[in-house]
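# What the coordinates show
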Amino acid sequence: MTGGSSVAEQSVIVERVEDTDKEKKKKRRSNRRSKHNSACNSGNEARGESSASLKSKDKTKSLTSSMSSSSSKQQELQQTPDRASDVAFNSMPTMHINEKAGSSCDDTAVDVGGRFFWKSWLEPIAYVGSSKMCMDSFLHFQQVEGSAPKKLFAPYWPIEAVNEALEKGEAFKALFRVNAHNRLEAYCKIDGVPTDVLINGVSSQNRAVEGDIVVIKFDPVELWTKMKGSNGSLNNSARVEDCNSVQDVNGPAGNSYKGKDSSHMGLFPGQSLGLNSVERLASMTNQFPLKRPTGKVVALFEKSLRRDAIVGFLNVKQWFSYRELNRKDAKKNSAIFDHEYVTLTPTDTRFPKMIVFVKDLPGCIKKRLEDGDVTIEMELLAALIEDWSPESPFPVARISHSFGRGGELEPQMNAILFQNAIHSADFPPEVLSCLSNVPWDIPPEELQTRRDLRDLCIFTIDPSTASDLDDALSVEKLSKDSFRVGVHVADVSYFVLPNTALDIEAQIRSTSVYMMQRKIQMLPSLLSEQLGSLNPGVDRLAFSMFWEINSTGDVLDHWIGRTVIRSCCKLSYEHAQDIIKGGIVDVEKFNTLKGYPQLHGQFGWTDVIRSVKCLHEISKTLKEKRFNDGALPLESAKVVYLVDEYGVPYDTRLSERIDSNFLVEEFMLLANMTAAEVISRAFPDSALLRRHPEPNMRKLKEFEAFCHKHGLELDTSSSGQFRQSLEKIREKLRDDSVLFDVLILYASKPMHLATYFCSGELKDNLNDWSHYALAVPLYTHFTSPLRRYPDIVVHRTLAAVIEAEELYLKHRGLLKSNNEEDVPRRYFTGIYFDKEAAESPLGKEALSSAALKYGIPSPELLSNVAAYCNERKLASRHAEDACEKLYMWVLLKKKKILLSDARVLGLGPRFMSVYIQKLAIERRIYYDEVEGLTVEWLESTSSVVLNLSGHKRLFKRGGLRNYMALGNVAWVVNPYDLSVETGSIDDCDATYMIDPGTFPLTLCLLSTIHVALYAIGGDDGPLEIGVRLFMSSYLK
């Protein structure tokens, strides 16, 4: 076809493998060995000799343009990935630790554009050359003097070819996600395909970075890699099949455009030509369940915003050495200064090292560099990726500013905000001008049109430190076995009107971010803590929902409307828990007890206590009913940091949820579900809802098999059966809470994230609207409008439904006063929806008019709002996680060493994955190729034996660097020192002293071991949490 030929003409001609005779091959191998040996003797010689060696290798191991020409010998040339970071914070290891990500060899061969280089020679150094090429010593291996530089990466497909391939299903658009343990391993998720696609190696990733939207082309099925754990073992010894062999990456040319079957993926017996490309892929993955699809990036569809928010440290020592060597030729140095560069190491391990040209550095940093200030390496810097050409192995970055010293708390906090694009500046005057000044009184017209609930006993239950009170509760007993429960939510949409400066600012921020001692608010404090907050003793505007609930938890009726309320008190969760547990006996004394809240209005503590206890009983019934309907709670203990008067953490404790938490949660869930029902029925194409897809079934089955192997019966056929199984396991493991925490951790891994969506976006797929964990068909967010923008959108939609209903009733002459007890039939907001009324001309006109008044977005615009809110919610979660890691790091930095028990989650011949309950984190410990340590892997029992050895090994296999020091793996103390004085261990936190382990150490899955945790980085690199075995030996 014409499209295919045009793409082929634009493709770069790649060298094909030349046939050579065996004698020449032997000679080259001999030369490489001799040069490698000489390299071991001299670092300078190593660079010179390796250049010749790699040039020779380049001629025989270059990329070919035909995927079908890939041979088994070429497959053996796959690079060994980087050793994973021992302490990568965001990524959790899989149950089957059989991945190459755990390789401990830092100087293994790496494939870039079909050429193989030792990683120890990939480190860029200061070099004078073309700024376009970003040349370094690495590129010396590529080019011959006087010749044009070779491309290291395939060029991206032109837009016409991309569109054609996407339309024909020969390429797919996907989000690019990088493994935090191994940057050379990335994954792309294709909707409808059950297994993520592996993009393995620098060449296949083709300059894509974390968060990019990429266009990928699948490899033929014969090149797909083995699924991790597909051999049935729970270790990391299984070799992953090569998926980075020599193949076409230049364009959708060749066989992929021939004949009716234009897909490069091919068809298999029993497959229908009528299947679309996604269905065909899904069918193929189902036919080969033990293989993971692989592919390569052929184009960038949309660059990640993370490219503009890089945080890292400069590496300048090599640049200083280079300048020192050339200091005599000052005139030459001045002329070539503009072409020199230094490197930047990002703190996020998912991003590659970067080149920064000295001429582009900010003035203050450049001056420090020229003055020889080596402390510049301690500065935490903000940067952005400017370019990454096919000729360069590294992207070019530009420094924008410095946060300060990397070992200090405040610079790290600011870096987290920058990295996640958290908008933390003060609210501008035009935003604040949208709000009224305080004191503020409710306008008379609002009192006339809203239901007045100020004579109802209403109160809030929140964390003791909360200042933005979104929701309040009330309860009335109607009869012996029925109650009217009320949830009253701050009517923020009254203040935040569509398309105002305040609305735009709230939408940009999208969510409040809670970072330990710091809160980044979505709305100004004037609104979130005063005008809109349901503070006690003051009149406030609210959205209220009432349900008539019987003793079995059935909702008999409900009412929704805008109201005026006055809270009588602000309870904390601890206060409510005291009431639930009967801690308040003498009500009269309760009024004078220190630390309890002040009461406002005509209600006494008897009213509040009775209401709290009644709500607790109803919430238990609702919770039981919800669980019986299939809801799946996956809750684990949360780490709480204890801080001193300066906000610096000094200790931690595990905090579990209490009855008062569940009390509030049940009614908030009920309110959110009710709001979802009302808005989706009235506005089926423009309701903002929240969905939670079913989990990854492959990972879920792996977890099920894992449990069965350890004698724990688990049924994952439905969310309800899943919950019941976990409850039985909890009872069985009541004496081993750590193991149950581990199981909950594993149970959470197959789960997808819940996301916002526009109902019109999925109107043809109603089954995709459901929420798996809650086991409900409809769900949204309504109860937290002071801190979530989607809740404001839902409030406006609810207001439009209420307005439309009133217009409809008014035209039919059925509307009565809002404060009358005899409320007319509810056509749109009642428990039963009158579809006929809504679809009548009168109903359509009322709904359309109300939607226009309250600024209900179109389905297209609402889909964009949902996508943006999803992105911001995820960014806030990442920021909060990074802040927690920062506090953990500060705590360990202060303690020097923290001793703890740990549980082995995964085990193999190279490394283990452990869970530390005290900090509720996972970490990896690598023990292969460690000086003075022997490793015996027992395949039959999936166990490992670690022992000390006096054998000295100078170099790693296939590399020049020394073996890893034993101190990086184990903190070994002498038993005599311990027996003399327990507290004599240098810099040890003696408040959590445990006995060390002894050699030989035999480990199997779920073994309990003793570890020492410590802080890494700060002024000299990214913050990490290190973990070592805590051992004792007289050989120390």
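Residues numbered from 1 in each chain as written. Predicted model: local features only at pLDDT ≥ 70, side-chain atom pairs only at ≥ 80, totals over all residues. Heavy atoms only, no water.

### Observations concerning the overall build of the chain
- In terms of helices and strands, the chain carries 28 helices and 37 strands.
- Here the contacts in the chain between residues at least 6 apart in sequence split such that 72% fall between residues at least 24 apart. (Helix = DSSP H or I, 4+ residues; strand = E, 2+ residues; numbered from the N terminus. Contact = heavy atoms within 4.5 Å.)

### Regarding the sheet that holds strand 14 (residues 396–405)
- What the five strands build is a closed barrel, ordered 10-11-12-14-13; its pairing is mixed. On average, each strand axis in the sheet is tilted by 55° relative to the strand beside it, whichever way the strands run.
- Summarising the sheet, strand 11 (residues 341–346) and strand 12 (residues 354–357) pair through four bridges and their orientation is antiparallel. In the strand pairing of strand 12, V342 is matched with V356.
- Contacts from helix 12 (residues 409–419) reach strand 10 (310–315), strand 13 (379–387) and strand 14, with the element oriented near 145° to strand 14. (Pairing = 2+ DSSP bridges. Axes fitted to C-alpha atoms, helices over the stretch in contact; angles between N-to-C directions.)

### So, the packing of aromatic side chains
- Scanning the entire structure with this criterion turns up 19 aromatic pairs.
- Aromatic pair Y808 and Y827: ring centres 5.1 Å apart, planes at 65°, arrangement edge-to-face. Remark: Y827 occurs in the loop between helix 24 (789–811) and helix 25 (835–839) and Y808 occurs in helix 24; sequence separation between them is 19 residues. In this structure, Y808 and Y827 share a single accessibility class: buried.
- Here a set of aromatic residues connected by ring pairs shows up, and it is made of Y808, Y827, F828 and F833.
- Positioned above the aromatic ring of Y756 is the side chain of R690, whose terminal nitrogen or guanidinium carbon lies 4.5 Å from the ring centre.
- Directly above the ring of Y1014 sits R1028, whose terminal nitrogen or CZ lies 4.4 Å from the centroid. (Phe/Tyr/Trp six-rings, centres within 6.5 Å; stacked < 30°, edge-to-face > 60°. Buried < 20%, exposed > 50% of the residue type's maximum accessible area, 1.4 Å probe, protein only. Lys NZ or Arg CZ within 6 Å of the ring centre and 35° of its normal.)

### Here we look at the sheet that holds strand 32 (residues 943–948)
- Taking strand neighbours across the sheet as the criterion, the three strands line up as 31-32-35 in an open arrangement whose pairing is antiparallel. If you trace the sheet from one side to the other, it starts and ends with strand 31 (933–938) and strand 35 (1001–1003), each paired once. The average undirected angle you get between the axes of adjacent strands in this sheet is 15°.
- Bridge analysis of strand 32 against strand 35 gives three bridges, and the strand direction is antiparallel. Residue pairing across strands places V945 opposite T1002, the latter belonging to strand 35.

### Details of the packing of helix 17 (residues 573–580) against helix 19 (residues 605–628)
- Direction vectors running N to C along helix 17 and helix 19 enclose 85°, while the axes themselves pass 9 Å from each other. Judged by the inter-axis angle, helix 17 sits roughly perpendicular to helix 19. Within the contact between the two elements, helix 17 uses A576, I579 and I580 and helix 19 uses I609, V612, K613 and H616. (Parallel < 35°, antiparallel > 145°, perpendicular 65-115°, else oblique.)

### So, the pairing of strand 4 (residues 182–188)
- Counting buried positions along strand 4 gives six out of seven residues, so the element sits mostly inside the fold.
- Between strand 3 (residues 172–179) and strand 4, which follow one another and run antiparallel, lie two residues.

### Overview of the side chain of S1033
- Counting through the fold element by element, S1033 comes out in the segment after strand 37 (1021–1032).
- The exposure class of S1033 is buried, given its relative accessible area of 10%.
- Among all residues touching S1033, those that are not within four sequence positions of it are L948, V972, V973, N974, P975 and F999.

### Focus on the environment of Q517
- Position of Q517 among the secondary structure elements: in the loop between strand 19 (513–515) and strand 20 (518–520).
- Of the residues examined, Q517 reaches a relative accessible area of 52% and is grouped as exposed.
- With residues near it in sequence (within four places) discarded, Q517 still touches V643, G647 and Y887.

### What about the confidence of the model for the chain?
- On average, residues of the chain score 80 in pLDDT, and 75% of them reach the 70 mark or higher.
- Per-residue pLDDT stays below 50 along residues 1–146; that stretch engages in 346 contacts with residues further than four places along the chain or on separate chains.
- Counting interchain partners and residues more than four positions distant, the pLDDT-below-50 stretch residues 980–992 has 23 contacts. (pLDDT = per-residue confidence, 0-100.)

### Some thoughts on empty space enclosed by the protein
- Counted under the stated rule, the structure contains eight cavities of 30 Å³ or more.
- Taken as a whole, the second largest cavity holds about 50 Å³ of empty space.
- For the lining of the second largest cavity, the class distribution of residues is three nonpolar, two polar and two charged. (1 Å grid on protein atoms, 1.4 Å probe; cavity = no way out; pocket = protein on both sides within 12 Å on 5 of 7 lines; lining within 4 Å. Points joined across faces, edges and corners; volume = space filled by probe spheres on them. Nonpolar A, V, L, I, M, F, W, Y, C, P; charged D, E, K, R; others polar.)

### A word on the environment of L670
- The topology assignment puts L670 in helix 20 (residues 659–682).
- As for L670 and V487, which are separated by 183 residues in sequence, their C-alpha atoms are 9.2 Å apart.

### Observations regarding the packing of helix 24 against helix 26 (residues 841–853)
- Interhelical geometry of helix 24 versus helix 26 gives an angle of 140° and a closest axis separation of 8 Å. The angle between helix 24 and helix 26 falls in the class oblique. Taken as a pair, helix 24 and helix 26 cross one another with a handedness that is right-handed. For the pair helix 24 and helix 26, the contacting residues are A800, E803, A804, L807, Y808 and H811 in the first and L842, G843, A846, L847, S849, A850, A851 and K853 in the second.
- Taken together, the residues of the contact of helix 24 with helix 26 sort by class into nine nonpolar, three polar and two charged. (Left-handed = near helix turned anticlockwise from the far one by under 90°.)

### Structural notes on helix 20
- A rise of 1.5 Å per residue sets the reference length of helix 20, with its 24 residues, at 34 Å; its end C-alpha atoms lie 35 Å apart and thus fit the reference within 8%.
- With 20 of 24 residues buried, helix 20 is to be regarded as a mostly interior element. (Expected span 1.5 Å × (residues − 1).)

### Some details on the side chain of R903
- Structurally, the position occupied by R903 is in strand 28 (residues 898–907).
- On the basis of relative accessibility, which here comes to 10%, the residue R903 falls in the buried class.
- Side-chain polar atoms of R903 contact the side chain of T1008, separated by 3.4 Å.
- Not counting residues within four places of it along the chain, the set of residues in contact with R903 comprises D736, V738, L739, V742, S913, V914, Y915, L1006, S1007 and T1008. (Polar contact = N/O pair within 3.5 Å; in protein donor to acceptor, adjacent residues only side chain to side chain.)

### Here's the deal with the environment of V178
- Within the secondary structure, V178 sits in strand 3.
- Along the chain, V178 and V209 lie 31 residues apart, while their C-alpha atoms are 7.5 Å from each other.

### Things to note about a nonpolar patch on the surface
- Together, I504, I508 and Y868 give the surface a local cluster of nonpolar side chains, amounting to about 250 Å² of exposed area.
- You can see I508 is positioned in helix 15 (residues 501–509).
- Relative accessible area serves as the criterion here: at 40%, I508 is assigned to the partly exposed category. (Patch = residues over 30% accessible without salt bridge, like charges linked within 9 Å, V, L, I, M, F, W, Y side chains within 5 Å. Areas by Shrake-Rupley, 256 points an atom, 1.4 Å probe, with all protein chains shown as cover. Salt bridge = Lys/Arg side-chain N within 4 Å of Asp/Glu carboxyl O.)

### Considering helix 9 (residues 317–325)
- Among all positions in helix 9, only W319, F320 and Y322 are buried. All buried residues of helix 9 lie within an arc of 160° about the axis, which places them on one face of the element. (Arc of directions from axis to C-beta.)

### A look at the pattern of salt bridges
- Following the criterion strictly, the structure yields 45 salt bridges and no others.
- Of the charged contacts, one joins K168 and E164 as a salt bridge, the two residues approaching to 3.3 Å between their closest N and O atoms. On the criterion of helical spacing, the pair formed by K168 and E164 is a turn pair, its members being four residues apart in helix 6 (residues 159–168).
- Judged by relative accessible area, K168 falls into the partly exposed class, the value being 28%.
- One salt bridge in this structure joins R454 and D539, with 2.9 Å as the shortest N-O distance.

### Notes on the state of the cysteines
- All chains considered together, the criterion is met by zero disulfides.
- For the unlinked cysteine C568, the closest cysteine sulfur is that of C457, found at 4.1 Å.
- On the basis of relative accessibility, which here comes to 2%, the residue C568 falls in the buried class. (Disulfide = S-S within 2.5 Å.)

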